[in-house]
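Residue-level structural notes
So the chains spell out like this:
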Amino acid sequence: MPDYRIRPATLDDLDVLVHHRVGMFTDMGVSVDAVALDHAFREWLRTTMPAGEYYAWVCETKVGEVVAGGGISPLKWPPGPQPVAGDRLAFVYNVYTEPAHRKQGLARRIMETIHTWCAERGIAALALNAAPDARRLYESMGYFEAPSPMMFKITEPGLAK
């Protein structure tokens, strides 16, 4: 795909990274307070990206328009029921492609970039939450549904469901 290139995201990409996160939830039909999410995610990125706790990549057109992206947080991970090589797992988030650029393999290219980055750093296990429309892509790349008993408890007032 010569009309697109993938590059690491920087703090200069905050606007588009936030736009992609809001768009991802909106496309999945998840009700979000876009203004609150914008503010909170922007602040989160300003902390986690420079600290090396979150890495992102964007896909841009030949004229520099960012049309897709995705990111990961590498985490220390203890042994458990799922085989995790080493002691790290990368959690994938925010894989999003602008509607006008979908069905061109951009999400796959973002994921391949993430896989390469992880392999180069010895991270052999990745996890993600798949939107229904993306399940086929992830399954074709070797992802499988884990029997995760994940639950949440929100203790901060105003954040509970």
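Rules used in this analysis
Residues numbered from 1 in each chain as written. Predicted model: local features only at pLDDT ≥ 70, side-chain atom pairs only at ≥ 80, totals over all residues. Heavy atoms only, no water. Salt bridge = Lys/Arg side-chain N within 4 Å of Asp/Glu carboxyl O. Helix = DSSP H or I, 4+ residues; strand = E, 2+ residues; numbered from the N terminus. Patch = residues over 30% accessible without salt bridge, like charges linked within 9 Å, V, L, I, M, F, W, Y side chains within 5 Å. Areas by Shrake-Rupley, 256 points an atom, 1.4 Å probe, with all protein chains shown as cover. Disulfide = S-S within 2.5 Å. Buried < 20%, exposed > 50% of the residue type's maximum accessible area, 1.4 Å probe, protein only.

Things to note about the pattern of salt bridges
Under the definition given, this model contains 12 salt bridges. Its salt-bridge partner being Arg 42, residue Asp 38 comes within 3.1 Å of it at the nearest N-O pair. Of this pair, Asp 38 and Arg 42 both sit in helix α2 (residues 34-48), 4 residues apart, which is roughly one turn of the helix. Taken together, the shared-partner salt bridges in this structure form one network comprising Arg 5, Arg 7, Asp 13 and Glu 60.

Examining a nonpolar patch on the surface
A contiguous nonpolar surface patch, about 200 Å² in accessible area, is contributed by Met 28, Val 30 and Val 32. Within the secondary structure, Val 30 sits in the loop between α1 (14-27) and α2.

Some details on the state of the cysteines
Per the stated rule, a full pass over the model turns up 0 disulfides. Cysteine Cys 59 is unpaired, with the sulfur of Cys 118 as its nearest cysteine sulfur at 18 Å. Judged by relative accessible area, which is 0%, Cys 118 ranks as buried.

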